[in-house]
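# Remarks on the overall topology
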Amino acid sequence: MNIIKLNAIASTNDFLKELSAKQIVQNLTTVVAENQLNGKGQRGATWNSEDGKNLTFSVFLNGNTIKTTSLYLINIIVPISIQEVLKRYNFNTIAIKWPNDILSGNKKIGGILIENAIKSDGTVQTIIGVGLNVNQFYFENLPQAASLAMIMNREFDKEILLKNILDQLMINLNRIGDASYFWEKYNDLLFKKDIPMVFSNALNEKFMGIIKGVSENGKLLLLLEDDAIKEYDIKEIKMHY
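Attention in this report is confined to the structure presented alongside it. Remember, predicted model here, so these are calculated numbers, not experimental data.

How each quantity is defined
Within each chain, residue numbers correspond to sequence positions counted from 1 in written order. Where totals are concerned, whole chains, interfaces and linings use all residues; where local detail is concerned, this predicted model gives features only for residues with pLDDT of at least 70, and gives and counts side-chain atom pairs only at 80 or more. Working from all heavy atoms in the structure, the side-chain values ignore hydrogens and water. For two strands to be treated as a pair, DSSP must find at least two bridges joining them. Helical segments are the DSSP runs of H or I of at least four residues, strand segments are the runs of E of at least two, and each set is numbered from the N terminus. Between N-to-C directions, angles span 0 to 180 degrees; the directions come from axes that are lines fitted to C-alpha atoms, helices contributing only their stretch in contact. In this description, contact between two residues means that some pair of their heavy atoms is separated by no more than 4.5 Å. Only the six-membered ring of Trp is used, alongside the rings of Phe and Tyr, when aromatic pairs are assigned; centres must lie within 6.5 Å, and planes under 30 degrees apart are stacked while those over 60 apart are edge-to-face, with the rest tilted. Here the term buried applies to any residue with accessible area under 20% of the maximum for its type, exposed to any over 50%, and partly exposed to those in between, with areas from a 1.4 Å probe on protein chains only.

## A look at the sheet that holds strand 5 (residues 55–61)
A sheet is described by the order of its strands in space; here seven strands give the open sequence 1-2-5-9-8-7-6, paired in mixed fashion. Across the chains shown, the open sheet's two edge strands, defined by having one partner strand only, are strand 1 (3–9) and strand 6 (94–97). Within this sheet the neighbouring strands show an average axis-to-axis angle of 20°, counted without direction. As judged from the four bridges shared by strand 6 and strand 7 (residues 101–104), these two strands associate in the antiparallel manner. By the bridge assignment for strand 7, Ala 95 is matched with Leu 103. Strand contacts of helix 1 (residues 12–22): strand 1, strand 2 (30–36), strand 5, strand 8 (107–118) and strand 9 (124–132), with the helix running at about 30° to strand 5, the strand carrying the most contacts. The strands that helix 2 (residues 71–88) touches are strand 5, strand 6, strand 7, strand 8 and strand 9; relative to strand 8, the one it contacts most, it runs at about 150°.

Here it is, written out as structure tokens:
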């Protein structure tokens, strides 16, 4: 595995995009930044990280390893891989907040942004961006954010943690054909599954719903008050917790 370490970069995802546009990039090439100046999250949000304290990295997957029918499985495998590693560090309350935020209890400790590009030959290029709060102790104006160090009251070796995550990710990517295993585990780890919660739609109208799972195309399945189950895309709904 080729690992590129950078001191500061605008975005590790963008770095890999630009690199792959100029040259052939080895599969599973990983870019790690000590300081990510313009990290991106879901819904166009920015990812803020204190210099040198956290893990911000991106992994490149070339089109030879992914079928278009398996694309959403990547969104499942990545958070599962992180959860499996954190469990070794005695984090036993890890959950996945749909679609792929990593939570410990009610606190967000990580986020994932996966970007796919379909090439002219029909192959798919995937870039997996991960931000994991590791040793940062203060998050300005982010009351729902936390880090591994805050939760366990000790600092972590980022190099070892990164290696463990990448190793587990490789193991799970090699099992991508076992879709039912990952779907079952992902649904079991869903944050607030089977619990009545308040949601709001694109018009900011609030309503009650119960998370029942995620569809094969990545949409959230909610049981509504009229006992109907409806699918929602990420831009259509927001959970309040």
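## Describing the packing of aromatic side chains
Summed over the entire model, instances satisfying the criterion amount to eight aromatic pairs. When the centroid spacing of 6.3 Å and the interplanar angle of 90° are considered together, the rings of Trp 183 and Tyr 186 count as edge-to-face. Of the two residues, Trp 183 and Tyr 186 are both situated in helix 5 (residues 179–188); the distance of three residues between them amounts to about one turn of the helix. Of the two residues, Trp 183 and Tyr 186, both sit in the buried class. Arranged with centres 5.9 Å apart and planes meeting at 25°, the rings of Phe 207 and Tyr 232 form a pair that is stacked. Of this pair, Phe 207 sits in strand 11 (residues 206–214) while Tyr 232 sits in strand 13 (residues 229–232); the two residues are 25 residues apart in sequence, bridging distant segments of the chain.

## A short note on the pairing of strand 11
By the bridge criterion, five bridges tie strand 10 (residues 196–201) to strand 11 in an arrangement that is antiparallel. Residue Ser 200 lies in a different strand from strand 11, and its bridge partner there is Lys 206. Turn length for the strand 10-strand 11 hairpin, with the two strands adjacent in sequence and antiparallel, is four residues, and the turn residue Asn 204 shows positive phi of about 65°. Bridge count between strand 11 and strand 12 (residues 220–224): five bridges; the pairing is antiparallel. Each bridged residue has a counterpart across the sheet, and for Ile 210 the counterpart in strand 12 is Leu 223. The turn joining strand 11 and strand 12, which pair antiparallel and follow one another in sequence, is formed by five residues; a positive phi near 85° is taken by Gly 218.

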